[in-house]
Amino acid sequence: MLPSLRRELAVDFVIANGENAAGGIGINPEKAEELFALGVDVITTGNHVWKKREVLPYLERQPRLLRPANYPPGAPGRGSGIFEVGDAKRIAILNLEGRVFMKPLESPFKVAEECVSLLKEETSLIIVDFHAEATSEKMALGWFLDGEVSAVIGTHTHVQTSDERILPGGTAYITDAGMTGPINSVIGMKKEIAIRGFLSQLPNRFEVAGGEVELQGVYLELDEGTGRALKIQRIKRRQEVGHGQRI
Ligand SMILES: [Fe+2]
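Residues numbered from 1 in each chain as written. Predicted model: local features only at pLDDT ≥ 70, side-chain atom pairs only at ≥ 80, totals over all residues. Heavy atoms only, no water.

### What about the coordination of the iron ion?
Rules: Because no water is among the atoms considered, metal sites can look incomplete, with donors defined as N, O and S atoms within 2.8 Å of the metal, or 3.2 Å for Na, K and Ca. Irregular is the default label, applied whenever a site is not tetrahedral (four donors, all angles between 85 and 135 degrees) and neither square planar nor octahedral (four or six donors, opposite donors over 155 degrees apart, all other angles between 65 and 115). Each helix corresponds to a stretch of at least 4 residues labelled H or I by DSSP, and each strand to a stretch of at least 2 residues labelled E; elements are numbered beginning at the N terminus. Burial classes: relative accessible area under 20% of the type maximum marks a residue as buried, over 50% as exposed, and values in between as partly exposed (1.4 Å probe, protein chains only).
Of the protein atoms, only Glu19 (OE), Asn47 (OD1), His131 (NE2) and His156 (ND1) coordinate the iron ion, at distances of 2.0 to 2.2 Å. Between the four donor atoms coordinating the iron ion, the angles at the centre fall across 86 to 158 degrees, so the site counts as irregular. One chain supplies every donor to the iron ion, and in sequence these donors are spaced E-x27-N-x83-H-x24-H. Residue Asn47 is found in the loop between β2 (42-44) and α3 (55-61), and its partner His131 is found in strand β5 (residues 126-131); the two are separated by 84 residues along the sequence. Both residues of the pair, Asn47 and His131, belong to the buried class.

This is the structure:
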């Protein structure tokens, strides 16, 4: 669905969080290359980025695959990058991970402040993927960075929220961009297995669900001079597997 969506919206740059692109958990070099070939410019990740061992050397050599910036020093890969858009523009992408109900990493607020001040010297267009569980932590980071970055886009919960807006300082914000994957599922996994897990409270081996898939995300328009967001719009497109039919 991505190549036609790119054309339809005349998109300049595509960012996808791909942390679970490899069979529902983690990402590997093959899946990352597949996403790049489909028209993704930069892949962000999150807490599951480390699941596939073969991605570790790839993270070191592929600047277009990011991991959250607030891991301890020495973690493989990088948490931000500056990329060319067309001939004259440059855009910075910063990936951060939350700490509420997640690992006790370095403060995403402190790391955001440090990274944004450096990135701002290079470009006014800065997009943050804040991969976090708690809506409160995500909203707080949105307000913290309002006027400092072009957009704070939440990921990780797999459930798209309807709170997209442009904050007063010009930063586009949404608590969660949602999931691209099977919709008759529990956040992408087979619902029967997920339900059994909740009933039994025993460890479970999750499997990716099949059937209809949905592409979810947001479309942004940014002012390249000021870096302010002009528009944020939710995207939700459904495709029935086997029919190629868009609803
Ligand atoms: Fe995650």
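Read on, since the account is not over.
### Quick look at the sheet that holds strand β3 (residues 80-85)
So the rule is basically this: In this analysis, strands are considered paired if DSSP registers two or more bridges between them.
If you trace the six strands from one edge of the open sheet to the other, you get β3-β4-β5-β6-β8-β7, paired in mixed fashion. Edge strands, defined here as strands with exactly one partner in the open sheet, are β3 and β7 (165-166). Alignment of β5 against strand β6 (residues 151-155), held across five bridges, turns out to be parallel. Bridge assignment links Ile127 to a residue of β6, and that residue is Ala151.

### Quick look at the side chain of His156
For the record, the criterion: Within 3.5 Å is the distance limit for a polar contact, defined as a pair of N or O atoms, with the added protein rule that one can donate a hydrogen and the other accept it, and that residues adjacent in sequence qualify only through two side-chain atoms. Here, residues are in contact when the closest pair of their heavy atoms is within 4.5 Å.
For His156, the position within the fold is in the loop between β6 and β7. A polar contact is formed between the side chain of His156 and the side chain of Asn47, at a distance of 3.2 Å. Once residues lying within four places of it in the same chain are set aside, the contact partners of His156 are Glu19, Asn47, Met102, His131, Ala132, Glu133 and Asp176.

### Section: the domain arrangement of the chain
Applied cut-off: Boundary definitions for the domains trace back to an automatic or database domain assignment. Computed with a 1.4 Å rolling probe, the buried area is the accessible surface lost when two parts are put together, summed over both parts. A pairing counts as a salt bridge when a side-chain nitrogen of Lys or Arg comes within 4 Å of a carboxyl oxygen of Asp or Glu. Residues are grouped as follows: nonpolar covers Ala, Val, Leu, Ile, Met, Phe, Trp, Tyr, Cys and Pro; charged covers Asp, Glu, Lys and Arg; every other residue, Gly included, is treated as polar.
Taken domain by domain, the chain comprises domain 1 (2-180 + 215-235) and domain 2 (184-212). Inter-centroid distance (C-alpha atoms) of domain 1 to domain 2 is 27 Å. Both faces combined, the contact of domain 1 with domain 2 buries some 320 Å², and carbon together with sulfur accounts for 74% of it. The largest share of the area that domain 1 buries against domain 2 comes from Gly24, His158 and Met179, three residues that together contribute 71% of it. Linking domain 1 with domain 2 are zero salt bridges. Where domain 1 meets domain 2, there are one residue pair in polar contact (both at pLDDT 80 or more). A breakdown of the residues in the side of domain 1 that touches domain 2 according to their chemical character gives two nonpolar, four polar and no charged.

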